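Architecture and fold: a report
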Amino acid sequence: MLNMSEGVARLGELADHPVVSTLARVFAAAGRDLAIVGGPVRDALLGRTTHDLDFTTDARPDEILALVKPVSSVQWDVGRAFGTIGARVQGEQVEITTYRADSYDGVTRKPTVEFGDTLEADLTRRDFTVNAMALRVPARTLVDPTGGVEDLLAGRLRTPIDPAVSFGDDPLRMLRAARFASQLEFTVDDDTRHAITDLRQTLQIVSPERIQAELVRLLATDDPVRGIRVLVDTGLVEEFLPEIPALRLEVDEHHHHKDVYEHSLTVLRQAIALERQRHPGSAPDVPLRLAALLHDIGKPATRRLEPGGGVTFHHHDVKGARMARKRLQALRFDAATTTVVSRLVELHLRFFGYAEGAWTDAAVRRYVRDAGDELERLHILTRADVTTRNKRKAQRLASAYDDIESRIATLREQEEMDAIRPELDGNRIQEILGLKPGREVGEAYRFLLDLRLDEGMVGPEEAERRLREWWAARS
């Protein structure tokens, strides 16, 4: 709950920040306005930690650069075309932007930029009222032309102007509404929500890279589920991730199965809880969270209604992995993230066979080999995938996974499982069999790898004997 007296005190602390006071002095001496704007002001009022210092001014970019050079160690002007100059002042990164009035033309994906003349006009062009507040420095005057404080008190997200106009200026703001709903634990007001539903198709003019960046920010929040529900309920997610609403499968009176959409959201929340438990203090694991959200997207395409009321989703793991790869590529995710997520989706069912019967050491080794560097993430995803309300079944699955992790730890100590490879390398294979580099060496390598996985370390001499036997039988 916002306490205004505490909020005012925190604004004073923000104004006293060494970087803020330094820049305020420099701009005031030059006869220029300067104000802290947006997130830092909002977070100070909410008592949240401020991570970035963003400023706005009536000075144009060239003058901003000239003013900050004497008090900064480095400057960058990659945002100059949009009026933004970045700098490092007393070890902290800041951005200072000229008052703006940019908008989209509704056709292209890039905004047209016009510089503004007043702070109030600059604030009204921002995304939400809670981000449209500024603190003038050094005067320490709070400027709130659109009712941001009232909306902070109400826990409400609302656009400063008609949402149709605001979202028309930049359709990505619709996606930001979902992100801020999660980040601030706020609700989206009705007019804003209706506008998102009506204008969702305008998101098509926004580049995939910008959409991807906003999705990543949403998934990195403490509770992305709140924002995901906004995306699904307004239909906005249909424009860039239609696989999620597709999880809301119809259930008829004769064929019953769990709600796959709600199950996926639960898995996401449980994965985040396990991530924090196992890696406290670490940065949000967005690839893991993507995998949790997408792990069952192959189910709609593989659902089969069986006689007697049964429902199957055979090979939905493989289908889902392909779908995840295609979607993440369309959203311009990097190759590493795409590979990690699709691999986790493909492997997420592998463990459940373990709970139904004892695995040999060879099977455990293959599980580790197939997971590779993603074994820890697979541990978390697999545990999070248990959402049954049957306490006995949940306990049985948890105990089974405790067991497999224990066995992996034991085998790792015994066999250096993090680097499972044959006991004879490619050069030694060529020497023993008199081969030159080629396909046959690869086949021999795979034979020895299977031997290692099936029987563990047998020793170089035994490995050579087995290799010669295999080669003789093959020849």
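This one's a predicted model, so the numbers in the text were calculated from it and none came from an experiment.

The rules behind each value
- Residues numbered from 1 in each chain as written.
- Predicted model: local features only at pLDDT ≥ 70, side-chain atom pairs only at ≥ 80, totals over all residues.
- Heavy atoms only, no water.
- Helix = DSSP H or I, 4+ residues; strand = E, 2+ residues; numbered from the N terminus.
- 1 Å grid on protein atoms, 1.4 Å probe; cavity = no way out; pocket = protein on both sides within 12 Å on 5 of 7 lines; lining within 4 Å.
- Points joined across faces, edges and corners; volume = space filled by probe spheres on them.
- Nonpolar A, V, L, I, M, F, W, Y, C, P; charged D, E, K, R; others polar.
- Core = buried A, V, L, I, M, F, W, Y, C linked by side-chain atoms within 4.5 Å.
- Buried < 20%, exposed > 50% of the residue type's maximum accessible area, 1.4 Å probe, protein only.
- Contact = heavy atoms within 4.5 Å.
- Pairing = 2+ DSSP bridges.
- Axes fitted to C-alpha atoms, helices over the stretch in contact; angles between N-to-C directions.

Here the focus is the environment of Leu-249. You can see Leu-249 is positioned in the loop between helix 11 (224–234) and helix 12 (260–278). Sequence spacing of Leu-249 and Arg-303 is 54 residues, and the spatial spacing of their C-alpha atoms is 9.4 Å.

Moving on to empty space enclosed by the protein. Counted according to the given criterion, the structure contains two cavities of 30 Å³ or more. The calculated volume of the largest cavity comes to roughly 50 Å³. As for the largest cavity, its lining consists of Leu-215, Leu-218, Leu-219, Ile-228, Leu-231, Val-237, Phe-240, Leu-241, Ile-244 and Leu-293. Going through the elements one at a time, helix 10 (208–219) and helix 11 are the ones with two or more residues in the lining of the largest cavity. With three residues, helix 10 is the largest single contributor of residues to the lining of the largest cavity. In this model, the second largest cavity occupies a volume close to 30 Å³. Along its surface, the second largest cavity is lined by Pro-422, Glu-423, Leu-448, Leu-451, Arg-452, Val-458 and Ala-463. Counting residues per element, the lining of the second largest cavity draws most heavily on helix 21 (residues 439–455), at three residues. Looking at the lining of the second largest cavity residue by residue, the class counts come to five nonpolar, no polar and two charged.

For the rest of this paragraph, the subject is the layout of surface pockets. A volume near 1900 Å³ is recorded for the largest pocket. Around the largest pocket sit 50 residues that line it, and Asp-54, Arg-176, Arg-179, Phe-180 and Arg-217 are the ones nearest its centre. Put simply, the parts of the chain that give the lining of the largest pocket at least two residues each are helix 3 (39–46), strand 2 (53–57), strand 4 (84–89), strand 5 (92–98), helix 8 (172–184) and helix 10. With eight residues, the top contributor of residues to the lining of the largest pocket is helix 8. Across the lining of the largest pocket, the residue classes tally to 14 nonpolar, 14 polar and 22 charged.

All right, on to the nonpolar core then. Among the nonpolar cores identified, the biggest contains 113 residues, and Leu-23, Phe-27, Phe-240 and Leu-294 are the most heavily contacted of them. Excluding residues that lie within four positions of it along the chain, Phe-27 makes contacts with Arg-32, Asp-33, Leu-34, Thr-57, Ala-59, Ile-64, Leu-67, Val-68 and Ile-96.

Here the focus is the sheet that holds strand 6 (residues 134–136). Spatially, the seven strands line up as an open sheet ordered 3-4-5-2-1-6-7, and their pairing is mixed. Every other strand in the sheet has two partners, leaving strand 3 (74–76) and strand 7 (141–143) as the edge strands with one partner each. The mean angle between the axes of side-by-side strands here comes to 30 degrees, regardless of whether they run parallel or antiparallel. Here five bridges tie strand 2 to strand 5, and the two strands are oriented parallel to one another.

Any functional reading would require information beyond the geometric quantities listed.
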